[in-house]
Amino acid sequence: MTSAVLQVSDLRVTYYTDSGRTKAVDGVNLTLYAGERLGLVGESGCGKSTMALSLMRMIKPPGRIESGSAIVGDENDNIDMLKLNEEEMLQARLSRIAYIPQGAMNSLNPVMRIGTQMMDAIQAHIPRATKTEMKERAEASLESVELKRSVFNMYPHELSGGMKQRVCIAIGILLSPKVIIADEPTSALDVVVQRQVMETICKVQEKIGAAVILIGHDMGLMCQITNRVAVMYAGKLVELSTVREMFTDPMHPYAKALIASLPNLENKGVFQGIPGLAPSLLKLPSGCVFHPRCQYAMDVCKTTTPEQAVTSSGRYVYCHLYGKAGQPLPGTPLTKSEATNY
Amino acid sequence: MAIALQSTIGGPSQRTLVMRYLRRNKSLAVGLIIVIFLLVFSIGGSLVMDTGKLAYPLAVAPLQPPGGEYPLGTDKDGRDLLAVMIRGVLLTGAIGVMAGTVGIVVGVVLGFLAGYFGGAFDMVVRWVTEVLLTIPGLILLIIIAGTIVDKNQVSVFTMAAVTSILAWVGPTRVVRAQVLTMKERTFVSIAKLSGMGNMEIIFKELMPNMLPFLVASFVAQVMGAIYASFGLEALGLGPAREPTIGMTIRWAVFHSAMFNQWWWWLLWPVVAMVLIFASLSLINVGLDEVANPRVRRTE
Amino acid sequence: MRLGYILRRFLFLIFVMWTAATVLFLIPRMSRVNPIRERFAALARSTGYSPKDLESIIASYELKFGLDKPLPQQYVEYMGSVLRGDLGVSLMAYPKPVTELIGEALPWTIGLLGVTTVLTFLIGTVIGALAGWPRSPKWVKGMVPPLMILAAIPPYILGLLLVYFIGFRLKLLPMGSAYSAGLTKDWSIPFILDVVTHAILPAMSLILGSVGFWALGMRGMGVTIQGEDYVNFAEHKGLKPGRIFYWYYVRNAILPQVTSLALAFGGIISAGVLVEGLYGFPGIGSTLGAAILANDYFVIYGIGYITVVAVAVSMLMVDLLYPLLDPRIRYGKK
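Because the structure is predicted, anything quoted here is derived from the model rather than measured.

Details of the sheet that holds strand 6 (residues 97–100) of chain A
Backbone-to-backbone hydrogen bonds join strands into a sheet, with any given pair of strands oriented parallel or antiparallel.
Residue and element names in this part refer to chain A.
Step number 1: Reading across the sheet, the 8 strands line up as 6-7-8-3-9-10-12-11 and stay open at both edges, with mixed pairing between neighbours. Whereas interior strands pair on both sides, the edge strands pair on one side only; in this sheet they are strand 6 and strand 11 (308–310). Ignoring strand direction, the axes of neighbouring strands in this sheet form an average angle of 20°.
Step number 2: Strand direction decides the pairing type here: strand 9 (residues 228–233) and strand 10 (residues 236–242), joined by 6 bridges, are antiparallel. Its bridge partner lying in strand 10, Val-229 is registered against Ser-241.

Some thoughts on the sheet that holds strand 2 (residues 20–33) of chain A
Residue and element names in this part refer to chain A.
Step number 1: One open sheet holds the 4 strands; their spatial order is 2-1-4-5, and the pairing between them is antiparallel. One side of each edge strand has no neighbouring strand; the edge strands of this open sheet are strand 2 and strand 5 (78–80). Averaged over all pairs of adjacent strands, the angle between strand axes in this sheet comes to 5°, irrespective of strand direction.
Step number 2: Two elements, strand 4 (residues 63–73) and strand 5, share 3 bridges in a ladder whose sense is antiparallel. By the bridge assignment for strand 5, Gly-73 is matched with Asn-78.
Step number 3: Contacts between helix 1 (residues 48–55) and the sheet are confined to strand 1 (4–17), strand 2 and strand 4, with strand 2 contributing the most and set at about 70° to the helix.

Points about the interface of chain A and chain C
Step number 1: Chain A puts 24 residues into the contact, and the matching count from chain C is 19 residues.
Step number 2: Looking at the side of chain A that touches chain C, the elements with two or more residues in it are helix 2 (86–95) and helix 3 (114–125) of chain A.
Step number 3: The element contributing the most residues to the side of chain A that touches chain C is helix 2 of chain A, with 5 residues.

Remarks on the interface of chain B and chain C
Often, the extent of an interface is quoted as the loss of accessible area upon association of its parts.
Step number 1: Contact residues are listed per partner, giving 33 residues for chain B and 43 residues for chain C.
Step number 2: Elements represented by at least two residues in the side of chain B that touches chain C include exactly helix 6 (119–134), helix 7 (137–148), helix 11 (198–234) and helix 13 (263–291) of chain B.
Step number 3: Considering only residue class, the side of chain B that touches chain C consists of 24 nonpolar, 7 polar and 2 charged.

Considering helix 2 of chain A
Step number 1: Considered for burial, the residues of helix 2 of chain A that qualify are Leu90(A), Ala92(A), Arg93(A), Leu94(A) and Ser95(A).
Step number 2: In this structure, the buried side of helix 2 of chain A is in contact with strand 5, strand 6 and helix 3 of chain A together with helix 10 (229–236) of chain C.

Observations regarding the packing of helix 11 (residues 241–279) of chain C against helix 12 (residues 284–293) of chain C
Residue and element names in this part refer to chain C.
Step number 1: Between helix 11 and helix 12, the least distance of the axes is 7 Å, while the angle of their chain directions is 75°. Judged by the inter-axis angle, helix 11 sits roughly perpendicular to helix 12. Along its contact with helix 11, which presents Gly-272, Val-273, Leu-274, Val-275, Glu-276 and Gly-277, the element helix 12 presents Gly-285, Ser-286, Leu-288 and Gly-289.
Step number 2: In terms of residue class, the contact of helix 11 with helix 12 is made up of 4 nonpolar, 5 polar and 1 charged.

A few points about the domain arrangement of chain A
All names here are of chain A.
Step number 1: Here chain A is partitioned into domain 1 (4–231) and domain 2 (249–339).
Step number 2: Each of domain 1 and domain 2 was reduced to a C-alpha centroid, and the two centroids are 30 Å apart.
Step number 3: Counting from both sides, the interface comprises 11 residues of domain 1 and, opposite them, 9 residues of domain 2.
Step number 4: Ranked by the residues each element gives to the side of domain 1 that touches domain 2, the list is headed by strand 2, at 5 residues.
Step number 5: Its residues placed into classes, the side of domain 1 that touches domain 2 shows 4 nonpolar, 5 polar and 2 charged.

What counts, and where the lines are drawn
Along each chain, the written sequence defines residue order, and numbers are assigned to residues from 1. The lettering of chains begins at A and the numbering of ligands begins at 1, in the order of writing. Where local features are concerned, this predicted model is filtered to residues with pLDDT of at least 70; where side-chain atom pairs are given and counted, the filter is 80 or more; whole-chain, interface and lining totals use all residues. Two strands pair if DSSP finds at least two bridges between them. Put simply, DSSP marks the helices as runs of H or I at least four residues long and the strands as runs of E at least two long, and each gets a number from the N terminus on. To get an axis, fit a line to the C-alpha atoms, keeping to the stretch in contact for a helix; angles then go from 0 to 180 degrees between the N-to-C directions. Residues are treated as contacting if the C-beta atoms built from their backbones sit within 7 Å of each other. Any residue that is not Ala, Val, Leu, Ile, Met, Phe, Trp, Tyr, Cys, Pro, Asp, Glu, Lys or Arg is counted as polar, Gly included; the first ten are nonpolar and the last four charged. Three classes are used. A residue is buried when 20 or more other C-beta atoms lie within 10 Å of its own, exposed when 12 or fewer do, and partly exposed in between, with C-beta atoms placed from the backbone. The labels follow the angle: roughly parallel below 35 degrees, roughly antiparallel above 145, roughly perpendicular from 65 to 115, and oblique for the rest. Note that the domain bounds were set by an automatic or database domain assignment.

Pasting the structure below:
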C-alpha cells in the first residue's frame, strides 16, 4: 500500500456564537494516501468546508480548532499543521497543502496581474528566487493547466470563469504540494467547463503526485473522479469507503439514503428524498446525530455515540448497526428488514 | 394556561428587544439620547421661559457673565443667553426638519419615478443630480441667498426654503439606486406576476424595504440643511432678527466676543452646535448599521 | 486607456461649466433685486448721493453692462465674454476686473485647500485602513469614533475653538491673516516660514474636521474587503500579513475612497470658504465674504463660477487618475 500523506485524527472545530457553541467538526479521523483522490460529500452546513479550512489553519474567530492533529507528509518528512507556529504555518500553506477555493470568480485580486499574483505566492515561499525563475515557474504552471503563457500578463477581469478557476489551480500547484484541497471548485461554472476543469485537476494532480480532497455534493462527479468517498453529517464523518463500495453497498443509513436519492436509469421518475431536515448544529440530537431521521434507529442510538468500525477492506463506518470489524450485527432493524426483503 | 404564562415570561417584549438592540448599536443610542435631551431642553424651556421676549435684543441687561439671575449670561444686545439657547435649538432644528422633509418628499417622488419607470425622465434626473453634485452646494446657496433674497427680510422660513433647494439631491439618488436594485429582485417579479399594479408594488413592496434608507437619508438631509444654514449665517446671510444658534455664533464673532473676554456668548452656541451635529451624525452612523448589515462590526 | 472614457469625462466637464455659466446668467435676471441699483443704493445711504444722480448712474451702468438689450442677445454676449475669461468688473474695487480680484486670491486658496485635502485624505485613509484591519492594536480602532464626532462638526466651529485655545489663550500660533504685517511678499525662507505658521490653524480646522470622514469610509470598505474571496485566497497562498495588507486589502479598499474624493471637492471648497473668512486668510473665501457685505454681485458670481470650474477640473483630474488604480476601468468593460 502507498504511504499516507495526510493523517487527520480527532479533529474538532467549535464556533462560539451568541446563541451558543456549535461543533462544526466533531472528532474526524481520516487518512489520505499519496496519489489518491478522496471525495468529501454531505449536505450544506455539515462541516465539509470547515474541515478543509481547519486543515489550512484558516479558521477565524469566533471559530476555534479545539483539538486534533493533521499530519501532512510521509514518514520521512512530515509536519502537523495544527501544531506549527505562525511563521511555519504560513510556509506550509501552498508548499505542503494547497487550497483551491470555491468562489473562483472572486478569488483573484482584481487590481493585480495574474503573473504578479503567482509570483507573490512563489516569493513568499522561495525568497531567493529570481524574477526570471519565478516567471518561468508561473508560466509553466499556467501551461500545465492548459492556459496560454500570455495569461501571465493579464488581469482577472479579462478571463472567463473557467480560465479564472484554472488560474487558481495553477496557483495551487505552483509549489508541488503533497495535498490539494479543492472546495467545490466547479460550482460556479457551466456543465461543460466543469468537466474540463475537473479533468485538468486530475491531470495536474497525477503529474505532481499529490493527493486530492475534492469537496462537493455532486455525487455523479464524485463517482467518476474519486477513488474513495467520505460522507459527513452534522460535523461528523459517518462513512468512508471506496467509490465502488459506496455506490453499490453503502453501509451507514445516511449514506444509504444519500445513494438511494440519486436518480438513475432504473428508478427514473421516482425521487427518494431523505425524510426530515438536517439538524441545527446548535441543537444536535443526543447519541448518534442521525437517529431522528434514521429508518433503522434503535434505542441505543438515542443515547450512545457510535464508535468507529473498520472493515477488513479499510472502510470506516460510525453506526450501531455494525460491530467493531464492520460486520452487520444480528438482530438490528437492518438485518431484519433485509431478511424480509430477500 | 401554563403555555400562556410561559410566553409572557419567556418572550421578551417589543420594548426589551428595542432596548437590547440599542445596547448593541451604541451610536444610535447615544445619538437618540442627545436628541431627546435637546428636545426636552428646547420644548420644555419654551414652556417655562418667555423666550419670545427674552431671546431678543434689549430684553435684559447686556454682557452679564453667567450666574445669578442669568445662568448662561447675556449678550451685548441684551438677550438672555439661556432663552437664546432654548429658542435657538428650536429654530435651528426647525430649519433642518423643514428642509429635510421637503428633501425627502421630493427625493422619494423623483427617485421612484426615475428608478421605477426609467426612460428619458430618468436620464434627466440622473444628469441634473450629477451636475448638482459637482457644484459646491454652499456656494450655490450663497449666490441664491445673497442675490435673490432681500438680505433684510430673511426669516427662518426663508432659510428652510433656501436650504431645501439642494436637500432633494441626496434622497433622489439614494431612492433611485435602491429602486433600481430592488426592481430586479424576485419579490417584485412575484408581485408583478400576481397582478399587482405599479403603485401597489411601489407602496406595498418597495417602500417598506426602503424605510431604513429613507430614515438615514432624512437625518442626513436635516444635518446638511443645518450645516448649510449655518454656513449662510456665518457669512451674514442668515435671519438677522432671529436667535438661531448660527446667528448667535455670527453675532459673537462679529462683536469679537472672544477677544473681549465675553467667552460665554460664544461658548453656549458652540456647545449647542456640537451637540446637534454630533447627535445627528451618531444617529446616521447607527442607522447605516441598520440599513447595511454588511458594515456591522463584530466587536 | 480608453479614449471614450476620457472623452466622456471631458464632455461632462464642459457640460458642467456651461450649466454653471447659464445658471449664473439666469439667477440675477430672475431676481427682483437689481444688483447695480442695490449697490448704488447702499453707496447712497453711506455717502449721500441724490436719488436723481443715482438713477442716471444706474442707467449708464446698465448700458455699459448691456442690460438694456434683449435677453437672447445678452446671453450670447455673456457667453462670449465668459469664454474669453471676462467675468465683469468688481463694484467694490471698481474698476478692477473680477478675474484679477479672483486671481490674487486663488493661489492662497489652492495652496491651503490643496495641502489640507491631500493630508486629510492620506491621514484619514491610513487610520481607517488600520482601524479595519483585525491585527491592529486596540487604540488604533478606538481612534475612529472620536474622529467621526469631529467630522460631524463644521470646520468653522472647530476653527473657533482652535483660535480660542491655541491662538488666544495659549498664544502658540498666529490667529489671523496669512502672513505678519510688515513682511515683504517674496520667496525668502523667513516669509515662507511665516506663511506656514499662519496657515497651521486654518489647516488644522479643516483637517480635524474631515479626517474622520475618510477614516470611517475606509474602515467600512476595509471590513467589506476582508470578506472577499481574494483576500482569503491570498491567506491560503501563505502570504505574509504585510503583503496582504497593502496589495490585497488597501489597494482594493481605496478605490471607492478615490471616487468619494472626486465627489468631496464641492464640500471641501464650501468648508474652505467659511474657514478662510474666520481667519481672514486672503483667499477667495475672504474675498467672497467681503463681496457679500459690499453687495458686489459680479464678484459673487465670478467666485461662484470659478469654484464650479475648480471642482469640475479637480473631479476630472481624479477621474483621469482613477484608471491607473483600477485596471477594470483602464481597459473598459468587454
